[in-house]
Amino acid sequence: MSGDLFSIRMHSNLEGAHISGCERLAPVDRVESLAAAMVRRALQHPKGQADCLSLTIEAVSPASVQTTSLLDLTTIRAADYHQGRRMAAELLQRAGVSALAVASAVGYMAAGAAPGGTSMRGAMLVDAVDGTRLEPDPSRGVRASRMDLSESAETELRQRLALRGLDNPHVREALVLATKVMSAPGIVAELCWSDDPDYTAGYVASREYGYVRFAHLKPHGEERGGRAFFVCRQEVELEPLIAYLERSVLLITEVGEIGGPVDWEDV
Ligand code: PML
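Residues numbered from 1 in each chain as written. Predicted model: local features only at pLDDT ≥ 70, side-chain atom pairs only at ≥ 80, totals over all residues. Heavy atoms only, no water.

Draft legend 1. Fine view of the overall build of the chain. Across its full length, the chain holds 6 helices and 13 strands. Along the three orthogonal principal directions, the C-alpha set of the chain runs to about 45 × 40 × 35 Å. Relative to its full complement of 267 residues, the chain shows a buried share of 53%. Taking all contacts inside the chain whose residues are at least 6 apart in sequence as the whole, residues at least 24 apart take part in 72%. Accessible surface, the chain: about 11700 Å² in total, of which carbon and sulfur atoms supply 49%. (Helix = DSSP H or I, 4+ residues; strand = E, 2+ residues; numbered from the N terminus. Buried < 20%, exposed > 50% of the residue type's maximum accessible area, 1.4 Å probe, protein only. Contact = heavy atoms within 4.5 Å. Areas by Shrake-Rupley, 256 points an atom, 1.4 Å probe, with all protein chains shown as cover.)

Listed below in structure tokens is the structure:
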């Protein structure tokens, strides 16, 4: 990726409820095609055709771009979502999240974390010790934003994911987002499962274990999903943390390991 970058961000709603969102960082010659793909995606989403979508395209100051390496990815075999959630909960605790905070986040996500029991547009911020929710707006949540792969890292990642049968937008976008989240000071771990009814997978991300995915973290057909970012409040103030997640610009230039499916005992 060369030249100045643009941040291209889309989010869409249907009857006031969040449907989809995505974003890229790209040089000017790719802006038009990426923006068109985002509009197509909002209009062809499995949750329904959006009736309102917003697209933001803005230049990014070159001096503000930080670079990093992608988290390593591992898949753990899970027979069903009950087993997947048990293993995800155990992994979160190994990463430093209390059992209380895990139970709190899983409970909110399973019930629909936005007011009215729908999925949030962004993520919950959850205190990693006592499980309280910290995000200022429980409907919008906090969005990890302004991050992407360089073109060469994207090519490399797609080749490595394809070898594992994982080269799809869910995995690519979630891995990039989790990498940004785990680069934030004061974040202990992240839990996510998809709000796409046809996609049952989810993951736990942490600095120690990387991006660990489970094929099933929810039942098929379930629309309630989302993200919880677990925060160590002793390490960080909320305002600068949210500013970092939403506004700092992160370009991922190196790809990590893409490991094959393993059993829980091998983690
Ligand atoms: C989403 O796209 O809605 C979140 C996807 C999370 C899991 C992605 C994966 O399969 O690793």
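Still more ground to cover, so stick around.
Draft legend 2. Broad picture of the nonpolar core. In this structure, Leu125 and Phe229 are the most contacted members of the largest nonpolar core, which totals 41 residues. Elements with a contribution of two residues or more to this core: strand 7 (147–149), helix 4 (151–163), helix 5 (169–182), strand 8 (187–193), strand 9 (202–206), strand 11 (226–231), helix 6 (238–247) and strand 12 (249–254). With 8 residues, helix 5 is the single largest residue contributor to this core. Once you skip the residues sitting within four places of it in the chain, Phe229 turns out to touch Ala123, Met124, Leu125, Val126, Val142, Ala144, Leu177, Val181, Ile187, Ala189, Glu190 and Leu245. Counting 31 residues, the second largest nonpolar core, distinct from the first, contains Ala95, Ala189, Val212 and Cys232. (Core = buried A, V, L, I, M, F, W, Y, C linked by side-chain atoms within 4.5 Å.)

Draft legend 3. Summary view of the site of the ligand. As a matter of local geometry, the ligand sits amid His170, Val171, Cys192, Ser194, Tyr199, Ala201, Gly202, Tyr203, Tyr211 and Arg213. In this structure, His170 approaches the ligand through a side-chain N or O atom, which is 2.6 Å from an oxygen atom. The separation between an oxygen atom of the ligand and a polar side-chain atom of Ser194 is 2.8 Å. Look at the ligand: alone it shows 330 Å² of surface, and the protein chains cover 90% of it. When atoms are counted within 2 Å of each cavity's grid points, the one that captures over half of the ligand is the largest pocket. Sorting the residues of the shell around the ligand by element identifies helix 5, strand 9 and strand 10 (210–214) as the ones contributing at least two each. For the shell around the ligand, the per-class residue count stands at 6 nonpolar, 3 polar and 1 charged. (Near = heavy atom within 4 Å. Polar contact = N/O pair within 3.5 Å; in protein donor to acceptor, adjacent residues only side chain to side chain. 1 Å grid on protein atoms, 1.4 Å probe; cavity = no way out; pocket = protein on both sides within 12 Å on 5 of 7 lines; lining within 4 Å. Sits in = over half its atoms within 2 Å of the grid points. Nonpolar A, V, L, I, M, F, W, Y, C, P; charged D, E, K, R; others polar.)

Draft legend 4. Broad picture of the packing of aromatic side chains. The full count for this structure, using the stated rule, is 1 aromatic pair. Between Tyr203 and Tyr211, the ring centres sit 4.3 Å apart and the planes meet at 25°, which makes this aromatic pair stacked. With respect to class, Tyr203 is no different from Tyr211; both count as buried. We note Arg85 situated over the ring of Trp193; from NZ or CZ to the ring centre the distance is 4.1 Å. If you follow Arg133 out to its NZ or CZ, it ends over the ring of Tyr108, 4.7 Å from the centre. (Phe/Tyr/Trp six-rings, centres within 6.5 Å; stacked < 30°, edge-to-face > 60°. Lys NZ or Arg CZ within 6 Å of the ring centre and 35° of its normal.)

Draft legend 5. The arrangement of the sheet that holds strand 3 (residues 52–59) in detail. Read across the sheet, 3 strands follow the order 2-1-3 without closing on themselves; strand pairing throughout is antiparallel. At either margin of the open sheet sits one strand with a lone partner, and together these are strand 2 (17–27) and strand 3. If you compare each strand with its neighbour and ignore which way they point, the axes differ by 10° on average. In this sheet, strand 3 lies alongside strand 1 (residues 5–14) in antiparallel orientation, the contact comprising 8 bridges. Note on strand 3: the bridge partner recorded for Arg9 is Thr56. Packed on one face of the sheet, helix 1 (residues 28–43) meets strand 1, strand 2 and strand 3 and runs near 165° to strand 2. (Pairing = 2+ DSSP bridges. Axes fitted to C-alpha atoms, helices over the stretch in contact; angles between N-to-C directions.)

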